[in-house]
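Coordinate inspection notes
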Amino acid sequence: MGQIKVGVVGGTGYAGVEIIRLLLGHPHAQLTALTSRADAGRRVDEVFPNLRGYLDLTFVAPDAARLHDCDVVFFATPNGTAMHDAPRLLDAGVRVIDLAADFRLQDVAEWSRWYGMAHACPERVPEAVYGLPEINREAIRSARLVANPGCYPTAIILGFLPLLRSGAVEPGRLIADAKSGASGAGRKAAITTLLTEAADNFHAYGVSGHRHLPEIREVLGARLGAPVDLVFVPHLLPMIRGIHATLYAGLRDARIDLQDLYETAYRDEPFVDVMPPGSHPETRSVRGGNLCRIAVSQAPGSDTAVVLSVIDNLVKGAAGQAVQNMNLMFGLREATGLESVSPLP
Ligand SMILES: NC(=O)C1=CN([C@@H]2O[C@H](COP(=O)(O)OP(=O)(O)OC[C@H]3O[C@@H](n4cnc5c(N)ncnc54)[C@H](OP(=O)(O)O)[C@@H]3O)[C@@H](O)[C@H]2O)C=CC1
Ligand SMILES: CC(=O)N[C@@H](CCC(=O)OP(=O)(O)O)C(=O)O
């Protein structure tokens, strides 16, 4: 096949530059239009010296007509951006993958409550496909508009899914205790992610309600055909990349073979690795890669399942998953360009 012409709106953010990094190693993608308002006119490799020698492109303003020449445009922009610009691109026949939350919730009123703004194109929301290939692979293949999942939801949904699908747990009594590295907050300046605030420190945030909560509820609930509820507490870890989610669920029958349940559920998934019994997945084992590594356990005599789920928030939690979705949308092998091994240490 010919090269897929790719645009990235928000090419100077952490998720955007990760898409650029991944697509430089993709045999069928041609980076065509990379946007930034602040850095328009600057060479990409001047802004990101790690890319010197790999591409010869200059950032352009996001309204550049050149986006219309693309086959697919990734929006790696703040929430509330793609909903203004995606409709024109879709009307011009360009496929859109939004890494933000604009099209993740089918319940638009709920979306507006959590995101604090009116939706600019509620009529386009029903056509959006939630881009978690492990649950929506077939719909993604024919989608024109993909809502790439949030980073916490990716780790948490993949972690809970086998338990819920099998009916092994009560869907209303789940607990997700999750930690993220600081790159999850993006590249913009903010006090909480200053080195002097985040390093040698550890704290929870969003305990009274984080916007990923309705996303997890809606996606799992739709999958299950019944309401799902959970306690979700995110934390900020003094590291750069990675999410570690520790998930707890009460088992209906403590005799279940959890290892077999998870191995069977994810046997054919290229990007979910169910580790052997007794494993403790490390965030560095998925650093820079598109894998979600999962370990599941149950203490002797306990009726609580404990699931450990790790991802790189910028890869399986954002850019890698977006490229996985692009591969599906363009009929490519799903793992194309996503097969690098994480470095240790
Ligand atoms: N970081 C992560 O781990 C994850 C992020 N996401 C989501 O991906 C999106 C990008 O995140 P991240 O890369 O961290 O964010 P950053 O803050 O690092 O980058 C944002 C990018 O968007 C551009 N931008 C900002 N406002 C606009 C606008 N109004 N129109 C066009 N471009 C704009 C910025 O450049 P400029 O201002 O120069 O135009 C910049 O390139 C967010 O929605 C985030 O929630 C999802 C999962 C994980
Ligand atoms: C550490 C940190 O701040 N993480 C971010 C997660 C950002 C993200 O992936 O979320 P959206 O795409 O849904 O905005 C947060 O909790 O807001």
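Keep in mind that what you see is a predicted model, and the values were worked out from it rather than measured. (Residues numbered from 1 in each chain as written. Chains lettered and ligands numbered in written order. Predicted model: local features only at pLDDT ≥ 70, side-chain atom pairs only at ≥ 80, totals over all residues.)

1. Section: the sheet that holds strand β9 (residues 230–236)
An order of β8-β9-β7-β10-β13-β12-β11 is seen for the seven strands of this open sheet, with the pairing classed as mixed. At either end of the open sheet lies a strand with only one pairing partner, and these are β8 (203–204) and β11 (272–274). Looking at chain direction, β11 and strand β12 (residues 292–297) are connected through three bridges and run parallel. When the bridges of β12 are listed, V272 appears paired with C292. (Pairing = 2+ DSSP bridges. Helix = DSSP H or I, 4+ residues; strand = E, 2+ residues; numbered from the N terminus.)

2. What to know about the confidence of the model for the chain
Summarising the model, the chain shows a mean pLDDT of 97, and 100% of its residues fall at 70 or more. Per the prediction output, this complex has pTM 0.98; the corresponding ipTM is 0.98. (pLDDT = per-residue confidence, 0-100.)

3. Comments concerning the domain arrangement of the chain
In many reports, interface size means the accessible area that the parts give up when they come together. Annotation of the chain at the domain level lists domain 1 (4–127) and domain 2 (152–313). Taken together, the contacts link ten residues of domain 1 with seven residues of domain 2. A per-element tally of the side of domain 1 that touches domain 2 places helix α4 (residues 108–115) first, with three residues. Of the residues belonging to the side of domain 1 that touches domain 2, the class tally is five nonpolar, two polar and three charged. (Domains from an automatic or database assignment. Contact = placed C-beta atoms within 7 Å. Nonpolar A, V, L, I, M, F, W, Y, C, P; charged D, E, K, R; others polar.)

4. Concerning the UniProt feature "active site" (unreviewed entry) in the chain
UniProt tags C151 as "active site" (unreviewed entry). Locating C151 in the fold gives a position in helix α6 (residues 151–165). (UniProt positions renumbered as here; feature names shortened; annotations may be inferred.)

5. Some points on unusual backbone geometry
Residue P345 follows L344 across a cis peptide bond; omega there is -5 degrees. Structurally, P345 can be placed in the segment after α10 (315–329). Positive phi outside glycine occurs at D200, with the angle close to 55 degrees. Tracing the backbone shows D200 in the loop between α7 (195–198) and β8. A tally of 8 C-beta atoms within 10 Å means that D200 is categorised as exposed. (Buried ≥ 20, exposed ≤ 12 C-beta atoms within 10 Å, placed from the backbone.)

6. Considerations on the site of ligand 1
Within the structure, ligand 1 sits among 31 residues, and G10, G13, A100, G186 and R187 are positioned closest to it. Counting residues per element, the ones that place at least two in the shell around ligand 1 are α1 (14–24) and α10. If you tally residues by element for the shell around ligand 1, the top one is α1, at three residues. Residue composition of the shell around ligand 1, grouped by class: twelve nonpolar, 15 polar and four charged. (Near = placed C-beta within 6 Å.)

7. Looking at the sheet that holds strand β5 (residues 129–130)
Strand order in the open sheet made by the six strands is β2-β1-β3-β4-β6-β5, with parallel pairing throughout. Strand pairing shows two members of the sheet lacking a second neighbour, β2 (29–35) and β5, which therefore form its edges. Relative to strand β3 (residues 72–75), strand β1 (residues 4–9) is paired through four bridges, and the arrangement is parallel. Paired with G7 across the bridge in β3 is V73.

8. Focus: the nonpolar core
Membership of the largest hydrophobic core comes to 95 residues, with the highest contact counts inside it found for I19, F75, A155, I156, F160 and I294. Shared between two domains, this core holds at least three residues of each, these being domain 1 (4–127) and domain 2 (152–313). (Core = buried A, V, L, I, M, F, W, Y, C linked by C-beta atoms within 7 Å.)

9. Some words on the packing of α1 against α10
Relative to each other, α1 and α10 sit at 45 degrees, their axes nearing to 9 Å. In terms of axis orientation, α1 runs oblique to α10. Handedness of the α1/α10 crossing: right-handed. From α1, A15, E18, I19, L22 and L23 reach across to α10, where they touch V315, A318, A319, G320, A322 and V323. Grouping the amino acids of the contact of α1 with α10 by side-chain chemistry returns nine nonpolar, one polar and one charged. (Axes fitted to C-alpha atoms, helices over the stretch in contact; angles between N-to-C directions. Parallel < 35°, antiparallel > 145°, perpendicular 65-115°, else oblique. Left-handed = near helix turned anticlockwise from the far one by under 90°.)

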